[in-house]
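# Breakdown of the fold
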Amino acid sequence: MDSDSKDMINVLPDALLCHILSFLTTKEAASTSLLSRRWRYLLAFVPNLEFDDSVYLHRDKRVKNTLHEKGFVGFVLLVNNKRKKLSTSFPDFVDRILALQGNSPLDKFSLKMVDGHDPVDPDSVVPWIHKVLVRGVSDLHLVVDMNEWTSDPLPSRIFLSETLVKLTIKIRDGPFIDVKHVHLPKLKTLYLQSVMFDENDIGFRKLLSGCPVLEELVLDGMGSCVWTSFTVSVATLKRVTFCCQKMSSFGYMHDDENPNNVSFDTPNLVYLEYAQVIANNYPKVNFDLLVEAKIDIWMTVDQIREVRLRKNEVNCMVGNATDFIVGLRNVRVLYLSPGTLEVLTYCCKQIPIFENLSHLTIKSDPNVGWKPLTKLLKNSPKLETLVFQGLLHRDNKEDVAISSSSVKVLKIFLSGDKLKKQIEKVKHFLKTMPRLEQLVFYYDVKVLSQLHMLSRLASPKCKIHLIPSRESV
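What this report covers is the structure whose coordinates are included nearby. Chains are numbered independently. Their residues run from 1 in the order of the written sequence. pLDDT decides what is reported in this predicted model: residues at 70 or higher carry local features, side-chain atom pairs at 80 or more are listed and counted, and totals for whole chains, interfaces and linings draw on all residues regardless. Only heavy atoms go into the side-chain values, all of them from the structure, while hydrogens and water stay out.

A general feature of soluble globular proteins is that nonpolar side chains tend to end up buried together. Residue types Ala, Val, Leu, Ile, Met, Phe, Trp, Tyr and Cys, when buried and joined through side-chain atoms within 4.5 Å, form a set referred to as a nonpolar core. The buried label goes to any residue with under 20% of its type's maximum accessible area, the exposed label to any with over 50%, and the partly exposed label to all in between, with areas taken from a 1.4 Å probe on protein chains only. Ranked by internal contacts, the top residues of the largest apolar core, which has 116 residues, are Phe 109, Leu 140, Leu 272, Ile 295, Phe 324, Leu 328 and Leu 360. A contact between two residues is defined here by any heavy atoms of the two lying within 4.5 Å. What Phe 109 contacts, discounting residues up to four positions off in sequence, is Leu 49, Phe 51, Leu 98, Trp 128, Val 132, Val 137, Asp 139, Leu 140 and His 141.

All right, on to helix α13 (residues 419–432) then. For an α-helix the count is 3.6 residues per turn, leaving residues at separations of three or four pointing the same way. Under the DSSP-based scheme used, a helix requires at least four consecutive residues in state H or I and a strand at least two consecutive residues in state E, with every element numbered from the N terminus. One less than the number of residues in a helix, times 1.5 Å, gives the span that helix is expected to have. Under the 1.5 Å per step criterion, the end-to-end length of α13 is 20 Å for 14 residues, consistent within 8% with the ideal 20 Å. Residues of α13 that are buried: Leu 419, Gln 422, Ile 423, Lys 425, Val 426, His 428, Phe 429, Leu 430 and Thr 432.

As a further point, take the state of the cysteines. Defined by distance alone, a disulfide is two cysteine sulfur atoms within 2.5 Å. For the structure shown, the criterion picks out 0 disulfides. In this model Cys 348 remains outside any disulfide bridge; the closest cysteine sulfur is found in Cys 347, 8.5 Å from its own. Taking relative accessible area as the criterion, Cys 348 reaches 6% and is therefore assigned buried.

For the rest of this paragraph, the subject is the environment of Met 317. Residue position: Met 317 is located in the loop between α9 (301–309) and α10 (322–327). Here the alpha-carbon distance between Met 317 and Val 307, two residues 10 residues apart in the chain, equals 7.9 Å.

Glancing now at the environment of Ala 321. Examined against the element boundaries, Ala 321 turns out to sit in the loop between α9 and α10. Judged by relative accessible area, which is 0%, Ala 321 ranks as buried. Through-space distance from the C-alpha of Ala 321 to that of Gln 350 is 9.6 Å; in sequence the pair is 29 residues apart. Setting aside anything within four residues of it in sequence, one finds Ala 321 in contact with Tyr 282, Val 343 and Cys 347.

The strands making up a sheet associate through backbone hydrogen bonding, with each pair oriented either parallel or antiparallel. When DSSP finds two or more bridges between two strands, those strands count as paired. With parallel pairing, the 3 strands of this open sheet are ordered in space as β11-β13-β15. Either end of the sheet is taken by a strand with one partner, and the two such strands are β11 (229–233) and β15 (285–286). In the sheet, β11 pairs with strand β13 (residues 261–265) via 5 bridges, with the strands oriented parallel. Bridging from a neighbouring strand, Ser 229 pairs with Asn 261 of β13.

Here it is as C-alpha cells:
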C-alpha cells in the first residue's frame, strides 16, 4: 500500500471520523485513541455511546482488544496529552467516558448489564441517565438483567425529555414507572419490557397522554391480570405490539382475570401484534387502516371450565370478543393462535366479512378445534394464501369446507406426529381446492417419501414445493 492510500482516512474531517466511530462499540472506539495523535481526542465527540458489560469483561465474549497487543491491560485514553490507564471495572469505564465527553451533543446512549458480570450498583446508573438526558440524547436504550434491580422507580427525568425520539427500557422483573408528569413531545418509538406502572392502567394512560407524536409502541411481558382496563388512544400510532404474560403458562397459582374494558382508538394503525386474555368489553376498536395483525387472545381457566360444563349446548358462549374481532375486518394479513380459535368458537357471536384479507395463518393445537374456520374462510372472498402451522386439531374427522374459497397458495407445516391423519387432511385439500396453484410443505425428513406420492393427487396446474421445516415461510 502506498503512502497516499495510507493517508486516505487521515484526510477525512473530524466530524466524519466521529460519525464512523459511532458505528463501533464504545470500547472499540476508545481503542482507536492509540492509532495516532489525530485520534486522541475524537472519542470525546462521538455522538453514539454503546456500553455492554459482556463485551468488556469476559474474554470469551469480548471483541479483539488492540490495547492488549500494545502491552496495556485495561483501557487507555489520552487526556491533556497524557496517557491515562482505565481499570477494567465496567462502571469505572462508563464514568470516565462520560466525563471525557463532558456536555458534547449525544444522539444515542445504550447500556446493557447482565447478572454474573461486573456488579453495578443501581444508584450509579441514575446519574448516567441524568447526564445523557441533559446532553439532549435522542435514543435511550436500557437493558438490565440483574437481581439488584428490583421494583425501584425509574428516574422521572426520563419522562420529561424534550429531545427523546426513541426510548427502550428492558429491565428484569420490571421497575415501577412513576408517571405523575410526562412530557415527551418528540418521542416516536417507545419499547417497554416487563415494566409496572404506578396506578396500573391509569399510569399507562398518563404515559401515552404525554407522547403526542408516538408512532410505534411495544409493551412486552406485561402483567395485564392486575389491570381493570387497557386503553390505547394515540392518533399518530402506526405500529402496536402488546404482549401479556399468560399466568397459567408460568406456573402461577392464580389465573388470568378478564379486564373490564379494552379499547383501541388508533385510526392510523397499520400493524398490530396483540396477546392478552379476552376482556369483558371492547367499547372502542378503531383499526380502519390496519394492514397486518397477529392475534393471540385466550380465555381464562374459569371460562374453559364453563365450556366443558356446557359442552352439550349449541352455540355455547362464555364471553364476548365480537367487537374486537369485527374491528379487524379491514386487515390484509392475519395470524390467529389456537387460543384465538377457541375465542372465535365460544366468545364471538359473529365472524365479520374480511373484504381485504389475502393472507391467513392458522396455528393449530391438538386440543383446539377448527370449527370457526369454515365461516372464517367463507367470509374471506379475496383470500389467496392460507398457511397452516400444523394440521393436528381436535375433532379431526371434521373437514374444513374450503372447496369454494379463492385460495391459490397453501402452505403447511407438517410434524412427525400422527402423520397418517395429516396426510389424509392434505389429500382432502387437494381434492376440494380446484383453484390451488401452489402447495408448499415444510416437512420433517422422515415424512419426505410420503409427500412425493401426493403430487399424483394434485391438479396439473398445482406446483408442489418441499422445503425442510427448519426454513421459515
